[in-house]
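Examining the three-dimensional arrangement
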Amino acid sequence: MIKKLAKYLKGLWHLCLISAAGMIVEAMCELALPSIANRIYTTVEGASPGNADIKIYVIKTGLMMFALALIGLAGGLATMKTSSVVSQKFSYRLRKDVYSKINEFSFSNIDRFSTSSLTTRMTNDITMLQNVVMMSLRILVRAPALLIVSAFFAFSINARLSMIILVLLPIMAIIIVVILKFGFPMFQKMQKKIDNVNRVVQENLIGIRVVKAFVREDREKEKFHKASDDLAKQGSKAAGLVVTVMPIMMLLMNVVIIFIYYRGALDAASPITDPHHMDVGQISVLASYIVQVLMNIMMVSMLLLQIARGKACGDRVVEILDTEIDIINPENPYIPKESKGEVEFRNVDFRYNTENVDDKVLDNINFKAAPGSIVGIIGSTGCGKSTLVNLIPRLYDVCGGEVLIDGVNVKDYDLKTLRDLIGVVLQKNVLFSGTIKENIRWGKSDATDEEIINACKAAQAHNFILEQPNGYDTDLSQGGLNLSGGQKQRLCIARAMIKKPKILILDDSTSAVDTATEAKIRESFYNELSDTTVFIIAQRISSVKNADQIIVLDDGKIDAINNHDELMKSCEIYQEIYKTQQKGVLE
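Numbers given to residues run from 1 along each chain, matching the order in which its sequence is written. It should be noted that, the model being predicted, local features are given only for residues of pLDDT at least 70 and side-chain atom pairs only at 80 or more, the latter also being counted only at that level, while totals for whole chains, interfaces and linings use all residues. Remark: hydrogens and water are excluded; side-chain values derive from all non-hydrogen atoms of the structure.

**What to know about the overall build of the chain**
Under the DSSP-based scheme used, a helix requires at least four consecutive residues in state H or I and a strand at least two consecutive residues in state E, with every element numbered from the N terminus. Across its full length, the chain carries 21 helices and 12 strands. Against the globule reference of 25 Å for 587 residues, the chain gives a C-alpha radius of gyration of 36 Å, more extended than a compact globule. When its C-alpha atoms are laid out on the principal axes, the chain stretches across 120 × 55 × 50 Å. The contact criterion used is simple: two residues touch if any of their non-hydrogen atoms lie within 4.5 Å. Considering only contacts in the chain between residues 6 or more positions apart, those separated by 24 or more positions represent 77%. A distance of 6 Å separates the average location of the 66 positive side-chain charges in the chain from that of its 63 negative side-chain charges. C-alpha atoms define the radius of gyration, and 2.2 Å times the number of residues to the power 0.38 defines the globule rule. Counted charges follow a simple rule, with Lys and Arg positive, Asp and Glu negative, and His plus the chain ends left uncounted. Lysine's charge is taken at NZ, arginine's at CZ, aspartate's at CG and glutamate's at CD.

**A short note on the nonpolar core**
Residue types Ala, Val, Leu, Ile, Met, Phe, Trp, Tyr and Cys, when buried and joined through side-chain atoms within 4.5 Å, form a set referred to as a nonpolar core. Three exposure classes are used, based on accessible area relative to the maximum for each residue type with a 1.4 Å probe and protein chains only: buried under 20%, partly exposed in between, and exposed over 50%. L491 and F525 are the most contacted members of the largest nonpolar core, which totals 44 residues. At six residues, the largest contribution of residues to this core is made by helix α17 (residues 485–497). Excluding its chain neighbours within four sequence positions, the residues that come into contact with F525 are I374, M497, L504, L506, S530, V534 and I536. Counting residues in hydrophobic clusters, the runner-up holds 32 residues, among them F367, A369, I377 and L391.

**Re the sheet that holds strand β4 (residues 400–405)**
Backbone-to-backbone hydrogen bonds pair the strands of a sheet. The strands run either parallel or antiparallel. Strand order in the open sheet formed by four strands is β2-β1-β4-β5, and the pairing between neighbours is antiparallel. Either end of the sheet is taken by a strand with one partner, and the two such strands are β2 (362–369) and β5 (408–409). In this structure, strand β1 (residues 343–350) lies alongside β4, joined through five bridges in antiparallel fashion. Bridge pairing in β4 links R346 to E402. Two strands are said to pair when DSSP picks up at least two bridges between them.

**Some points on the side chain of S106**
Take S106: it is sitting in the loop between α3 (52–104) and α4 (107–112). We call two N or O atoms a polar contact when they sit within 3.5 Å, provided that within protein one can donate a hydrogen and the other can accept it, with sequence-adjacent residues counted only if both atoms are side-chain atoms. Reaching out from S106, the side chain makes a polar contact with the side chain of D326 at a distance of 2.5 Å. The contacts of S106, once residues within four sequence positions are left out, are D326, I327 and L395.

**Brief notes about a negative patch on the surface**
On the surface, a cluster of negative charge is contributed by D554, D555, D559, E572 and E576. Positionally, D554 belongs in strand β11 (residues 549–554). We classify D554 as partly exposed; its relative accessible area is 36%. Put simply, a patch holds well-exposed residues, over 30% relative accessible area, that have no salt bridge, with like charges counted together within 9 Å and Val, Leu, Ile, Met, Phe, Trp or Tyr side chains within 5 Å. Every accessible area reported is derived by Shrake-Rupley at a probe size of 1.4 Å, with residue values counting cover from the shown protein chains alone. Salt bridges are identified by distance alone: a Lys or Arg side-chain nitrogen within 4 Å of an Asp or Glu carboxyl oxygen.

**Some points on a positive patch on the surface**
A cluster of like positive charges, contributed by K189, K192, K233 and K237, occupies part of the molecular surface. The set of elements that each furnish at least two residues to the positive patch consists of α8 (164–206) and α10 (217–269). Position of K233 relative to the elements: it lies in helix α10.

**Some points on the sheet that holds strand β10 (residues 533–537)**
Reading across the sheet, the six strands line up as β6-β9-β10-β3-β11-β12 and stay open at both edges, with mixed pairing between neighbours. Each edge of the open sheet is held by one strand with a lone partner, namely β6 (422–425) and β12 (557–562). Averaged over neighbouring strand pairs, the angle between their axes works out to 15° when direction is ignored. The pairing of strand β9 (residues 503–507) with β10 spans five bridges and is classified as parallel. When the sheet's bridge partners are listed, I503 is paired in β10 with T533. Every axis corresponds to a line fitted to the C-alpha atoms, with the helix fit spanning only the stretch in contact, and the corresponding angles, defined between N-to-C directions, vary from 0 to 180 degrees.

**Quick look at the packing of α3 against helix α5 (residues 115–139)**
At a minimum axis distance of 9 Å, the contact between α3 and α5 shows a crossing angle of 155°. Judged by the angle between their axes, α3 and α5 are roughly antiparallel. Seen from above, α3 lies across α5 with right-handed handedness. Throughout, the term roughly parallel applies to angles under 35 degrees, roughly antiparallel to angles over 145, roughly perpendicular to angles from 65 to 115, and oblique to all others. Each crossing gets its hand from how the near helix is turned against the far one by less than a right angle, where anticlockwise is left-handed and clockwise is right-handed.

**Topic: the pattern of salt bridges**
The tally for this structure, following the rule as stated, stands at 25 salt bridges. The closest approach of N and O atoms between R346 and E402, which form a salt bridge, is 3.8 Å. Note that R346 is positioned in strand β1 and E402 in strand β4, a separation of 56 residues in sequence. For R346, a relative accessible area of 37% translates into the label partly exposed. Looking at E402, the relative accessible area reads 31%, which means it is partly exposed. E451 is paired through a salt bridge with K444; the nearest N and O atoms lie 2.7 Å apart. Among the residues examined, E451 registers a relative accessible area of 28% and is labelled partly exposed. A single salt-bridge network, built from bridges that share partners, covers E344, R346, K368 and E402.

**Quick look at the environment of V178**
Residue position: V178 is located in helix α8. Taking the C-alpha atoms as reference points, V178 and V197, 19 residues apart in sequence, are found 29 Å from one another.

**Thoughts on unusual backbone geometry**
Positive phi is not limited to glycine here, since Q460 has a value of about 60°. Topologically, Q460 is positioned in the loop between α15 (449–458) and α16 (462–466). Here Q460 falls in the partly exposed class, since its relative accessible area comes to 26%. Here K500, not a glycine, exhibits a phi torsion of approximately 50°, which is positive. Structurally, the position occupied by K500 is in the loop between α17 and β9.

**Let's talk about the side chain of R121**
Mapped onto the elements, R121 comes out in helix α5. On the accessibility criterion, R121 (8% relative accessible area) is buried. A distance of 2.9 Å separates a polar side-chain atom of R121 from the backbone oxygen of R316. Setting aside residues up to four positions removed in sequence, R121 forms contacts with F113, I126, R316, V317, E319 and I320.

**Some thoughts on a nonpolar patch on the surface**
There is a patch of nonpolar side chains on the surface, built from F66, L70, L73 and L77 and spanning about 420 Å² of accessible area. Here L77 shows up in helix α3. Looking at L77, the relative accessible area reads 52%, which means it is exposed.

**With respect to the state of the cysteines**
Cysteine sulfur atoms are paired as a disulfide whenever they fall within 2.5 Å. Across all of its chains, the model carries zero disulfides by this definition. Distance from the sulfur of C456, which forms no disulfide, to the nearest cysteine sulfur (C492) is 11 Å. Taking the relative accessible area as the measure of exposure, C456 reaches 0% and is therefore buried.

**Considering the packing of aromatic side chains**
Each Phe, Tyr or Trp ring, with Trp reduced to its six-membered ring, pairs with another whose centre is within 6.5 Å; inter-plane angles below 30 degrees give stacked pairs, above 60 give edge-to-face pairs, and intermediate values give tilted ones. Overall, the coordinates contain 10 aromatic pairs when judged by the stated rule. Measuring from centroid to centroid gives 6.5 Å for Y8 and F90, while their planes differ by 85°, and the two rings are edge-to-face. Of this pair, Y8 sits in the loop between α1 (2–6) and α2 (13–46) while F90 sits in helix α3, and the two are 82 residues apart along the sequence. Residue classification places Y8 among the buried residues on the basis of a relative accessible area of 5%. Given a relative accessible area of 3%, F90 falls into the buried group. Their ring planes at 15° and their centres at 4.7 Å tell us that F345 and F367 sit as a pair that is stacked. Of this pair, F345 sits in strand β1 while F367 sits in strand β2, placing them 22 residues apart in sequence. Pair check on accessibility: F345 and F367 agree, each one buried. Members of the aromatic cluster, joined through ring pairs, are F107, F350, Y352 and Y396.

Pasting the structure below:
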């Protein structure tokens, strides 16, 4: 994990060195001050009252201490600045790569992660890694440097008393190791709890109209409180473990200080000829250095705990980066000069769970759609209609057999070229925040206003757009929530039609449109897209009745392929669907 994340610091190592140098300068200045102060105390203590030279010495030394403080401040500011820049650039690069990787995911890759989990990894997890980098640059050099130098000065003043450091170090090390061992799993669970909170909030906000329509606000509040409480409990456990470090360290530090002053007082009271004799200034400076050692041990321990949480977040981020994308461009991709739009399925099998060979969603699918023809696909819910058309633009890859466009396997096509040939209106209509015009231009980025209007007229969307407050410049809320279901469907159809695709896939895209409007949209396919091969997935037979051929799916298999008249004679499933729908109309 560290090796994978370290590459995002490429080109920033000089800033890391500046940060380290700044910390070393600040540490050296900070450590020099107690010794200089002790020198002033010793000099003044032994001098006669009113000595002018002593006054000058004190002033000069005081100015030197002030200068050291300013130099230390400059070093600290340099570290703060460079560490902030490094951590921000690190997180920017990492977040950019993660986002790019997610955008390359196939549908099967996306199925592995929930939207809430991906959101948490892109935001909370990367922010935590950013904080770890920043803290490491500020503490990882400073704390060990201060610890080592403080210990050196302490031993140089009184090696006998300073031996207590050697006693404390293994005790503190054991405490830190134990806390880290139990802390890492807690932080992993905590990040999953954050995923769950994001999932609940996301579902609630997206489905707020449904929540209010069914008066389920109390139920949703209860779900949020439960998810939030779970996070709070897990956070309390992790935080409880972290805060345990501070009281234990403070207890040890206070015990050491009491011991130093107690032993120091005994040594100060001993005769001056005693080799262990210490004056008051030495005791004070020694205590100061011992405190520095202990404080920096505490800082290192807190940093290690932060790194433990960072590792939990880093593992989750690296999991995305390490995900193998199963749909990629071939080595020598096929880029056609011109496409007719012929589609053929040869012995196609598909299953979502590739490990279970018996769990087939599609089984031995064979058919051919001629260029410019209209193909209807009908069948019961869950029979594999949407899955079948998703194989054409390689949103999923077949597990067996071939899908061919103009006689070439779609796996041999350049992915961008392949998907540029195909217009798709998925079962779930998705519009983005922005104007109506901007949403239509998703289909063709350089579309003129005239092209946009013509596409919307063909999709029977032009009239209701003109009724909007600002016409084509009306802003849509996220997901197009300020439009009806039928209006959203028509805009999505216009967005697909404007690119003049050679293949158009409509996945139950007129279910919210009345039959008269639907008939006009179908008529536009013949007029505006006469050279386009159109696949229409529908629940209503009226939507596919005039198709050149209709595929009847039953439990992942083709039950029959023919036109409406022939299917009414020979296909029992089609007859049953027709009779059921006619019965509903007559009633």
